[in-house]
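# Inside the fold
So you can see what is in the structure, the chains are spelled out below.
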Amino acid sequence: MTTHALTLTGYVVIALLGVTIEIIARRPDSAVPRLDTVLRWVLRTRSGRIGVFAAWAWMGLHFLG
Amino acid sequence: MSLVMNRLLMVLRDPVAWILVIAGVVELLSGGTAARGAILFAGAGLILADRIRVGRARVRAGAAIGTVLPSDPPPLMSPAPLRAAVERRVWVGAALAACLLAALFGVHTMPLTAVTGLVGILVVGWAWLTQPDAEDVDVSGRGLLIWGAALLMLGLWELTALLGQPTLAESSYESPTISYLLDPVFATYAGRVVGFVLWAAAGRSLIRRS
């Protein structure tokens, strides 16, 4: 396996891991919070809001700007 | 002097400020533009400014009634009017039109840097000026750990890919970063439209949650 393929595989595995966690979180009585809940938890403080929105703005500048 | 040190320590104890500073340094080391680094450093700077406001508010309140304030300082303005405005359907149409228009320009060109930078500054400024809703969100430590670990894995894998390049600023096919993989997508008009729509939708979604 080339390093290119290995790197791509890593991204896919991590993406699938995220999807799996979200699916588990959506099950009834799951102890794992949904991503939406975690985001609202982070956004409840001003430093969390600044951090999340700065990250969002950076993504726009990094990929598109 | 001790007051300044105390406020500096309050910032240093804030993980969000650290994350923004580290991300900003990595961005600049990897050949990113000053605008990209600036938005991250500006976020850390706003957190510092917030801590200074908290410190001042604590001193004022302590002198007056001797109470302890919550960690967040009082709001500078109410978020309700802007949030209501964002939720209006007309904004969705306007945003879509803006995405179609912005995508006419190539990525990493001055017009797109200016537009995305301006939008980013406005939204980060709004996040700084407004008070979060006093919503009681209960998240277990284990739940945070699981999502945090997934995010950390992504960050470390991206960092590994970055370090696998010939230099930090030189992209590599053998060790592709996410931006290297997405560059061909955003080289097309349709890809840029999708990118802008997703970015705008994510921003709107975050604003509605805060």
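Below: a short report on this structure. (Residues numbered from 1 in each chain as written. Chains lettered and ligands numbered in written order. Predicted model: local features only at pLDDT ≥ 70, side-chain atom pairs only at ≥ 80, totals over all residues. Heavy atoms only, no water.)

The next point concerns the overall build of chain A. Helix and strand counts for chain A come out as three helices and zero strands. Starting at the N terminus and ending at the C terminus, chain A contains elements arranged as α-α-α. Expected size for 65 residues packed as a compact globule is a radius of gyration near 11 Å; at 16 Å, chain A overshoots this value by more than 25%. With the C-alpha coordinates aligned to their principal axes, the bounding extent of chain A is approximately 45 × 40 × 15 Å. The buried share of chain A, taken over its 65 residues, is 48%. Just so you have it, chain A exposes about 3,100 Å², and 71% of that area is on carbon and sulfur atoms. (Helix = DSSP H or I, 4+ residues; strand = E, 2+ residues; numbered from the N terminus. Rg over C-alpha atoms; globule rule 2.2 N^0.38 Å. Buried < 20%, exposed > 50% of the residue type's maximum accessible area, 1.4 Å probe, protein only. Areas by Shrake-Rupley, 256 points an atom, 1.4 Å probe, with all protein chains shown as cover.)

A few words on the interface of chain B and chain A. Taken residue by residue, the interface counts 70 residues in chain B and 46 residues in chain A. On inspection of chain B and its partner chain A, the count reaches one salt bridge. Where Arg209 of chain B meets Asp36 of chain A, a salt bridge forms, and the shortest distance between an N and an O atom there is 2.2 Å. Applying the counting rule to chain B against chain A returns 20 residue pairs in polar contact (both at pLDDT 80 or more). Elements with a contribution of two residues or more to the side of chain B that touches chain A: helix 2 (15-29), helix 3 (34-64), helix 6 (110-129), helix 7 (141-163), helix 8 (178-186) and helix 9 (189-209) of chain B. (Contact = heavy atoms within 4.5 Å. Salt bridge = Lys/Arg side-chain N within 4 Å of Asp/Glu carboxyl O. Polar contact = N/O pair within 3.5 Å; in protein donor to acceptor, adjacent residues only side chain to side chain.)

The subject of this paragraph is the packing of helix 3 (residues 46-63) of chain A against helix 9 of chain B. For any two helices packed against each other, one specifies the crossing angle of their axes together with the interaxial distance. Direction vectors running N to C along helix 3 of chain A and helix 9 of chain B enclose 170°, while the axes themselves pass 10 Å from each other. With respect to each other, helix 3 of chain A and helix 9 of chain B are oriented roughly antiparallel. Packed against helix 3 of chain A, whose contacting residues are Val52, Phe53, Trp56, Ala57, Met59 and Gly60 of chain A, the element helix 9 of chain B presents Trp199, Ala202, Gly203, Leu206 and Ile207 of chain B at the interface. For the contact of helix 3 of chain A with helix 9 of chain B, the class distribution of residues is nine nonpolar, two polar and no charged. (Axes fitted to C-alpha atoms, helices over the stretch in contact; angles between N-to-C directions. Parallel < 35°, antiparallel > 145°, perpendicular 65-115°, else oblique. Nonpolar A, V, L, I, M, F, W, Y, C, P; charged D, E, K, R; others polar.)

Our next topic: unusual backbone geometry. Of all residues except glycine, most have a negative phi; of all peptide bonds, most are trans. Located in the positive-phi region is Asp29 of chain A, a residue other than glycine, with phi close to 60°. Tracing the backbone through its elements, the reader meets Asp29 of chain A in the loop between helix 1 (3-25) and helix 2 (35-42). Since its relative accessible area comes to 83%, Asp29 of chain A is described here as exposed. Look at His108 of chain B: it is not a glycine, yet its phi comes out positive at around 60°. Within the secondary structure, His108 of chain B sits in the loop between helix 5 (89-102) and helix 6. Accessibility expressed as a relative area gives 39% for His108 of chain B, which makes it partly exposed.

With that settled, consider the side chain of Thr130 of chain B. Residue and element names in this part refer to chain B. Checked against the element boundaries, Thr130 lands in the loop between helix 6 and helix 7. Residue class for Thr130 comes out buried when judged on its relative accessible area of 0%. Here the side chain of Thr130 touches Trp126 through a polar contact of 2.8 Å, landing on its backbone oxygen.

With that settled, consider the nonpolar core. Phe53 and Leu64 of chain A together with Leu20, Val124 and Phe196 of chain B are the most contacted members of the largest nonpolar core, which has 33 residues in total. Of all elements in the fold, only helix 3 of chain A together with helix 2, helix 3, helix 5, helix 6 and helix 9 of chain B reach the threshold of two or more residues within this core. Ranked by residue count, the leading element in this core is helix 3 of chain A, at eight residues. Every residue in contact with Phe53 of chain A, bar those within four places of it in the chain, is listed here: Leu43 of chain A together with Val123, Val124, Trp126, Ala127, Gly203, Leu206, Ile207 and Ser210 of chain B. Among the nonpolar cores identified, the runner-up in size contains six residues, and Ala25, Val32 and Val38 of chain A together with Ala150 of chain B belong to it. (Core = buried A, V, L, I, M, F, W, Y, C linked by side-chain atoms within 4.5 Å.)

So, about the packing of helix 6 of chain B against helix 9 of chain B. Residue and element names in this part refer to chain B. Two elements in contact, helix 6 and helix 9, have axes whose closest approach is 12 Å; the angle formed by their N-to-C orientations is 10°. It follows that helix 6 is roughly parallel to helix 9 by the angle criterion. Contacts between helix 6 and helix 9 involve Leu112, Thr116, Val119, Val123 and Trp126 from the former and Phe196, Trp199 and Ile207 from the latter. Its residues assigned to classes, the contact of helix 6 with helix 9 comprises seven nonpolar, one polar and no charged.

In this section: the environment of Gly203 of chain B. Mapped onto the fold, Gly203 of chain B is located in helix 9. Linking Gly203 of chain B and Val119 of chain B, residues 84 residues apart in sequence, is a C-alpha distance of 10.0 Å. Not counting chain neighbours up to four residues away, the residues in contact with Gly203 of chain B comprise Phe53 and Trp56 of chain A.

In the structure shown here, the tally under the stated rule is five salt bridges over all chains. Salt bridges sharing common partners tie together Glu22, Arg26 and Arg34 of chain A.

Right, let's talk about the packing of aromatic side chains for a bit. Under the counting rule described, the total for this entry stands at three aromatic pairs over all chains. Seen from their ring centres, Trp56 of chain A and Trp199 of chain B are 4.3 Å apart, and the 5° between their planes marks the pair as stacked. On the criterion of chain membership, the pair formed by Trp56 of chain A in helix 3 and Trp199 of chain B in helix 9 is interchain, its members lying in two chains. Judged by its relative accessible area of 7%, Trp56 of chain A is buried. Directly above the ring of Trp126 of chain B sits Arg49 of chain A, whose terminal nitrogen or CZ lies 5.2 Å from the centroid. (Phe/Tyr/Trp six-rings, centres within 6.5 Å; stacked < 30°, edge-to-face > 60°. Lys NZ or Arg CZ within 6 Å of the ring centre and 35° of its normal.)

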